[in-house]
Number of protein chains: 2
Amino acid sequence: MTMNQNKKVPKIVIVGAGFAGLNVAKKLRKAKASITIIDKRNYHLFQPLLYQVAMAGLSPADIAYPIRSVLSGQKNINVVLGEVKNIEMDKKTIHGDFGKFEYDYLVVATGSEHSYFGQQDWEQHAPGLKTIEQATEIRRRVLSAYEKAEQETDIEKQKALLTFVVVGAGATGVELAGALCEIARFSFKKDFRNIDPSKSTVVLVEAGERVLPGYNVKSSIQAEKDLKKLGVKVMTSSRVNKVSEEGVVIGTDFLKASTVIWAAGVKPSALNKMLGPTDPQGRVFVEKDLSLKSHPEVFVAGDQIHFEQKGKALVGQAPVAMQQGLHIASNLLNLIKGKKTTKFSYFDKGQMATIGRSRAVVNIGKFSFHGFAAWLVWLVVHIYYLIGFKNKFFVMYQWIWSYATYKKGARLIVKKDWRQEPTASI
Amino acid sequence: MTMNQNKKVPKIVIVGAGFAGLNVAKKLRKAKASITIIDKRNYHLFQPLLYQVAMAGLSPADIAYPIRSVLSGQKNINVVLGEVKNIEMDKKTIHGDFGKFEYDYLVVATGSEHSYFGQQDWEQHAPGLKTIEQATEIRRRVLSAYEKAEQETDIEKQKALLTFVVVGAGATGVELAGALCEIARFSFKKDFRNIDPSKSTVVLVEAGERVLPGYNVKSSIQAEKDLKKLGVKVMTSSRVNKVSEEGVVIGTDFLKASTVIWAAGVKPSALNKMLGPTDPQGRVFVEKDLSLKSHPEVFVAGDQIHFEQKGKALVGQAPVAMQQGLHIASNLLNLIKGKKTTKFSYFDKGQMATIGRSRAVVNIGKFSFHGFAAWLVWLVVHIYYLIGFKNKFFVMYQWIWSYATYKKGARLIVKKDWRQEPTASI
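Bear in mind the structure is a predicted one, so any value in this text is a computation, not a measurement. (Residues numbered from 1 in each chain as written. Chains lettered and ligands numbered in written order. Predicted model: local features only at pLDDT ≥ 70, side-chain atom pairs only at ≥ 80, totals over all residues. Heavy atoms only, no water.)

**Observations concerning the pattern of salt bridges**
Residues and elements named next belong to chain A.
Turning to step 1, where the next piece is worked out: Considering all chains together, one arrives at 30 salt bridges over all chains under this definition.
Turning to step 2, where the next piece is worked out: Measuring nitrogen to oxygen at the nearest pair gives 2.7 Å for the salt bridge that ties E137 to R141. With E137 and R141 both in helix 4 (residues 132-151), this residue pair falls 4 residues apart, about one helical turn.
Turning to step 3, where the next piece is worked out: By relative accessible area, E137 is classed as buried at 4%.
Turning to step 4, where the next piece is worked out: One network of salt bridges, in which partners are shared, links E137, R140, R141 and K416. (Salt bridge = Lys/Arg side-chain N within 4 Å of Asp/Glu carboxyl O. Helix = DSSP H or I, 4+ residues; strand = E, 2+ residues; numbered from the N terminus. Buried < 20%, exposed > 50% of the residue type's maximum accessible area, 1.4 Å probe, protein only.)

In structure tokens, the structure reads:
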């Protein structure tokens, strides 16, 4: 490969351009280094708003930003679209569909994907929500369910088509359930003739004792109250034991439902297996400075690491990944200058989740608040962290428009296949 | 099917919610009729801007509008997502995946699709541009070609990756070729390290003697001049004799190219076969009032009909379809009131095509103008005809943003498959 990697400056390879990886790259803007950033996608995805793509509120491009554009002015960096297949830490070399790269320092931040607790065949019936492709698949299923229900004459089948199950009541699950109710009650109100969308059933199933398990108890109670007010059927301490085309088995009860969305388990990136010892969830253990014990020139960040603070492992969240990315960058800057690395410490600015169209809960340590004010804070924070003026503006504008009209701005059932069918217009 | 078709009012079925069909439906707003509109898609597509989705400038939702939303306030209409498979004109019944509908009046406006002159296997190598799926496929190919070229070390292969061929120089072909050059020269300028996107080759191949064959000669000459100024290699009187994975054969010369886009032949909707006699291109003959001779209660409009005016058959264009839709609606209103139908006559307001970022040609009969002023007219007309305030605003805003920044707002390579690959992150 012809790379403009200067021999005299250290070679840094960053794998993954999510919140962690992209922040490493951006903070190394002025570093005297030859940097390569590799991602499977050509864009950075703002995952916290992905549920709005799934719920037909936003277009994929509104929350995705081309990695090349973000870094186009940064001369020390080379963007590679590709997938890493192997890491040879002893040879300081990574391999993939792009060929191979040698490195002096390596940053791995490839995140996590959905875990179906060993039941991989559940996936086809219950898409998760980590990628744009999954979000548009969920959008396709939800919108198609309403279209099919409108044409269905069998009452039982119609009921199944209008039953939506969200598995897992973390922030994503709560936000999905709220948005599904919002669509049913408001967005689709006047659009159908044979069904009443407001009669849809939205079920949120959580194995733990309360919704938003990572939040304080007060926030959880408030969120559950708000969800119920919206019309969500909240089932805590309930385990999904089977997912099939017909529906889900919750505990021992079968619930007929044609749309199931998976917002439950995640598992760390499979690259972890090449990095070192992991915890039972597969997250790799890192040192206090986020490097690997066996290879201090390799740093790992984001959802895929086990990093304890105050005796508890940090959870996989955008703010954690961002702060870790920035910290790794400053450690790399130290190392380039011959200085020592420093310990990472997460500064918790809080966490938040929206519930429907004008409510949210905000949780900062033991403190929490909710309602309209929390929702406004949620809006401002999300707009602030979106990359690019155009995207900030677009998302904000769509929110105002949707809020005023109750409509959804990206209500498209897009097919997977682009080729003309032989019977295309028969 | 339980339809709210009142027995006392006439039943009107409209097949297709394109420019013709949707205009029929909207104009029948106050008609005392029970109307059903059927489309394969859940949205109306503004096809004249589809090339901008393919060129990563707009998102699909910016130019698509849910049919249910357009017609949600119209109580006399029922929207059905489905595909018509059979028309029994003698029984006044249509059949499809939705079941069947009886009608008193039928409107068929299902448009056209791409024709590969009997070489259907060319399609996989040269997607056309009629649907959102095709537009995102073209976007995927164009963006991926640049990504692969950036990683390619073989100069010959790199050149093929940076060669883009557009087959057919009607308005769509001209607009695509111009936009491809704009991307190469401006949008991607600073984004790559190993390739110079401005060295890309864009070839526009036209079998006829001049580009924009439907326009007056002056417009064609001006358009060709503008295209060449942008850097497009224009090949008129040139026939594509083969399309393969490696490239195209133009005349007898083979041109290596990894991206080929089909903007050449179209063929009318396959439903025409059930409607009556057609011309050699497959367009069904209609009476002066746009009805079928054999079945005066059946009206047909848009790309799929042969309708002569001033001795020439009208071409398949949005304005023609829109005017025909409105005319059919007024004929239906007449028939409901027991009056006679009237003859259709197309009022030609002109036609226009953009060339790159600030040029266009406008052609009104023998009169024509071009350049920046023409481009502004093009902008205003297209914004005006877009449905929905949100979409008008979004498209306009994206154009201003793109014009100012030279960037493309929807530069996403989205995959076709949504499921997690077993090796997703290895």
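**Topic: the interface of chain B and chain A**
Turning to step 1, where the next piece is worked out: Taken residue by residue, the interface counts 79 residues in chain B and 79 residues in chain A.
Turning to step 2, where the next piece is worked out: Note on chain B versus chain A: buried area summed over both sides is about 7,600 Å², and carbon and sulfur give 49% of it.
Turning to step 3, where the next piece is worked out: The partner of R68 of chain B in a salt bridge is E147 of chain A, with the nearest N and O atoms 2.6 Å apart.
Turning to step 4, where the next piece is worked out: Taken together, the connections running from chain B to chain A amount to 24 residue pairs in polar contact (both at pLDDT 80 or more).
Turning to step 5, where the next piece is worked out: Breaking the side of chain B that touches chain A down by element, the ones donating at least two residues are strand 4 (64-66), helix 3 (67-70), strand 5 (77-81), strand 6 (84-88), strand 10 (112-114), helix 4 (132-151) and helix 10 (389-405) of chain B.
Turning to step 6, where the next piece is worked out: A per-element tally of the side of chain B that touches chain A places helix 4 of chain B first, with 9 residues.
Turning to step 7, where the next piece is worked out: Its residues assigned to classes, the side of chain B that touches chain A shows 34 nonpolar, 21 polar and 24 charged. (Contact = heavy atoms within 4.5 Å. Buried area = accessible area lost by both parts, 1.4 Å probe. Polar contact = N/O pair within 3.5 Å; in protein donor to acceptor, adjacent residues only side chain to side chain. Nonpolar A, V, L, I, M, F, W, Y, C, P; charged D, E, K, R; others polar.)

**Describing the relation of the copies chain B and chain A**
Turning to step 1, where the next piece is worked out: With an RMSD of 0.0 Å, chain B superimposes on chain A once it is rotated by 180 degrees and translated 0.0 Å along the axis. Here the transformation between the copies is reduced to the relation of a two-fold axis. No C-alpha of chain B approaches the rotation axis more nearly than that of K416 of chain B, which lies at 2.9 Å. (Least-squares fit on C-alpha atoms with pLDDT ≥ 70 in both.)

**A look at the sheet that holds strand 9 (residues 105-108) of chain B**
Hydrogen bonding along the main chain pairs the strands of a sheet, whether they run parallel or antiparallel.
Residue and element names in this part refer to chain B.
Turning to step 1, where the next piece is worked out: Here we have 5 strands laid out as an open sheet, ordered 5-2-1-9-20, and parallel in their pairing. A single partner strand is all that each edge strand has here, and the edge strands are strand 5 and strand 20 (298-300). This sheet shows a mean twist of 15 degrees between the axes of neighbouring strands, independent of strand direction.
Turning to step 2, where the next piece is worked out: Pairing between strand 1 (residues 11-15) and strand 2 (residues 34-39): 5 bridges, direction parallel. Pairing of V13 across the sheet is with T36, part of strand 2.
Turning to step 3, where the next piece is worked out: Lying over the sheet, helix 1 (residues 19-27) contacts strand 1, strand 2, strand 5 and strand 9, oriented at roughly 155 degrees with respect to strand 1.
Turning to step 4, where the next piece is worked out: In the packing of helix 8 (residues 318-336) onto the sheet, the strands contacted are strand 1, strand 9 and strand 20, and the crossing angle to strand 20 comes to about 165 degrees. (Pairing = 2+ DSSP bridges. Axes fitted to C-alpha atoms, helices over the stretch in contact; angles between N-to-C directions.)

**Structural notes on unusual backbone geometry**
Residue and element names in this part refer to chain B.
Turning to step 1, where the next piece is worked out: In this model, L290 sits at a positive phi of 75 degrees, which is unusual for a non-glycine residue.
Turning to step 2, where the next piece is worked out: Summarising the element assignment, L290 is placed in the loop between strand 19 (284-285) and strand 20.
Turning to step 3, where the next piece is worked out: Looking at L290, the relative accessible area reads 0%, which means it is buried.
Turning to step 4, where the next piece is worked out: Despite not being glycine, Y406 has its phi angle at roughly 65 degrees, a positive value.
Turning to step 5, where the next piece is worked out: As for its position among the elements, Y406 is in the segment after helix 10.
Turning to step 6, where the next piece is worked out: On the basis of relative accessible area, Y406 is assigned to the partly exposed category, the value being 35%.

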